[in-house]
Amino acid sequence: MSRFDAQDAFRELSYKAREFTITDIHLKLLREAEVDWDDTEFGAPCIDPKRPYGNSNVPRDIAELLNPEVRDWDDTRLDDYLDQHYDELTRLHVETGLALKICLRRGEFKPGRYQKVNWGKWELVGPVEEASRG
């Protein structure tokens, strides 16, 4: 079975997206991000790429943050859920990367619909649709 490729998806989303909706879910994941220091070249702060939300199983971490009751599930039920929702959870992780880029560029962490007006500049164009909020 082919799995969702997060790296390719992020590059495509980051460069091609002209509109993007930051939801409360994206902001919740960013609040849980493990910030670290990458000493490549000069060095810079980064989100820990191995454990972005605290542990190395990213889809599981996201599932637990969104649905805390999954922590009480037996391994079989949890594995089935993660297998079924792997692409969706990974896509959310990728989207959170673009949400971070927009928030940092704007200097605020605010849900809403954003539109790219030029390279790297995003404008808030409206609220999050109620049906899409988490």
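You'll find the structure just up there.
A few points on the structure.

Here we come to the environment of Pro-49. Summarising the element assignment, Pro-49 is placed in the loop between β3 (44-47) and α3 (58-66). Overall, Pro-49 belongs to the exposed group, its relative accessible area being 73%. In this structure the C-alpha to C-alpha distance between Pro-49 and Thr-23, which are 26 residues apart in sequence, comes to 22 Å.

Using the criterion set out here, one finds two aromatic pairs in the structure. Their ring planes at 15° and their centres at 5.8 Å tell us that Tyr-15 and Trp-119 sit as a pair that is stacked. Note that Tyr-15 is positioned in helix α1 (residues 6-16) and Trp-119 in the loop between β4 (112-118) and β5 (121-126), a separation of 104 residues in sequence. You can call Trp-119 exposed: its relative accessible area is 64%. Here Trp-73 and Tyr-81 contribute two aromatic rings whose centre-to-centre distance is 5.4 Å and whose plane-to-plane angle is 75°, an arrangement assigned as edge-to-face. For Trp-73, a relative accessible area of 18% corresponds to the buried category. A relative accessible area of 18% means that Tyr-81 is categorised as buried. Above the face of the Trp-73 ring, Arg-77 is positioned so that its terminal group lies 3.9 Å from the ring centre. When the ring centre of Tyr-15 is taken as origin, the NZ or CZ atom of Lys-101, which lies over that ring, is 5.7 Å away.

What counts and how
- Residues numbered from 1 in each chain as written.
- Predicted model: local features only at pLDDT ≥ 70, side-chain atom pairs only at ≥ 80, totals over all residues.
- Heavy atoms only, no water.
- Helix = DSSP H or I, 4+ residues; strand = E, 2+ residues; numbered from the N terminus.
- Buried < 20%, exposed > 50% of the residue type's maximum accessible area, 1.4 Å probe, protein only.
- Phe/Tyr/Trp six-rings, centres within 6.5 Å; stacked < 30°, edge-to-face > 60°.
- Lys NZ or Arg CZ within 6 Å of the ring centre and 35° of its normal.

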